[in-house]
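Survey of secondary and tertiary structure
Each chain, written out:
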Amino acid sequence: MKVSNKEIALTIRKTPSAISYLKKNNNEEFLIVKLGVLCNKLNLDAEDLMAMYSLKNIDLKRVAS
């Protein structure tokens with residue numbers, strides 16, 4: 001799923017140019033903000049993220065065995 005700079009800007013009440021600036025100058029923070037917007041868009045909460053993380057770890061352990 002894609003999320004545009006404009007959509008991020010609307011969600012966090014910033015301008016699209018501020019989002020572009022953030023992306024260029026602090027990509028790590030930009031990615032965290034983008035993840036938050038995606039979670040909001042997909043109606044995911046912390047419990048959902050932890051469940052996905054746990055499932056991912058289970059699958060990684062099976063592959064390593």
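Residues numbered from 1 in each chain as written. Predicted model: local features only at pLDDT ≥ 70, side-chain atom pairs only at ≥ 80, totals over all residues. Heavy atoms only, no water.

Its 15 residues give helix α3 (residues 27-41) an end-to-end C-alpha distance of 21 Å, which sits within 8% of 21 Å, the value for a rise of 1.5 Å per residue. Here α3 has its buried residues at Phe30, Val33, Val37, Leu38 and Cys39. Asn43 sits one or two residues past α3 and shows a positive phi near 60°. (Helix = DSSP H or I, 4+ residues; strand = E, 2+ residues; numbered from the N terminus. Expected span 1.5 Å × (residues − 1). Buried < 20%, exposed > 50% of the residue type's maximum accessible area, 1.4 Å probe, protein only.)

The next subject is the pattern of salt bridges. Summed over the entire model, instances satisfying the criterion amount to 1 salt bridge. One salt bridge in this structure joins Glu7 and Lys41, with 3.2 Å as the shortest N-O distance. With Glu7 in helix α1 (residues 5-12) and Lys41 in helix α3, the pair connects residues that are 34 residues apart, well separated along the chain. Under the relative-accessibility criterion, Glu7 is labelled partly exposed at 27%. (Salt bridge = Lys/Arg side-chain N within 4 Å of Asp/Glu carboxyl O.)

Along the chain, Ala51 falls in helix α4 (residues 46-64). Since its relative accessible area comes to 40%, Ala51 is described here as partly exposed. As for Ala51 and Lys14, which are separated by 37 residues in sequence, their C-alpha atoms are 31 Å apart.

If you trace the backbone, Leu55 turns up in helix α4. With 12 residues separating them along the chain, Leu55 and Asn43 place their C-alpha atoms 19 Å apart.

Moving on: the nonpolar core. By size, the foremost hydrophobic cluster in this structure holds 9 residues: Val3, Ile8, Ala9, Ile19, Leu22, Phe30, Val33, Val37 and Leu38. Looking at this core, the elements that each hand over two or more residues are α1, α2 (16-25) and α3. Looking at which element gives the most residues to this core, the answer is α3, with 4 residues. Those residues in contact with Ala9 that lie beyond four places of it in its chain are Lys14, Thr15, Pro16 and Ile19. (Core = buried A, V, L, I, M, F, W, Y, C linked by side-chain atoms within 4.5 Å. Contact = heavy atoms within 4.5 Å.)

α2 packs onto α1 with a crossing angle of 110° between their chain directions and a minimal axis gap of 8 Å. Put simply, α1 runs roughly perpendicular to α2. Every residue of α2 that contacts α1 at Asn5, Lys6, Ile8, Ala9 and Ile12 is listed here: Pro16, Ile19, Ser20 and Lys23. Its residues assigned to classes, the contact of α1 with α2 shows 5 nonpolar, 2 polar and 2 charged. (Axes fitted to C-alpha atoms, helices over the stretch in contact; angles between N-to-C directions. Parallel < 35°, antiparallel > 145°, perpendicular 65-115°, else oblique. Nonpolar A, V, L, I, M, F, W, Y, C, P; charged D, E, K, R; others polar.)

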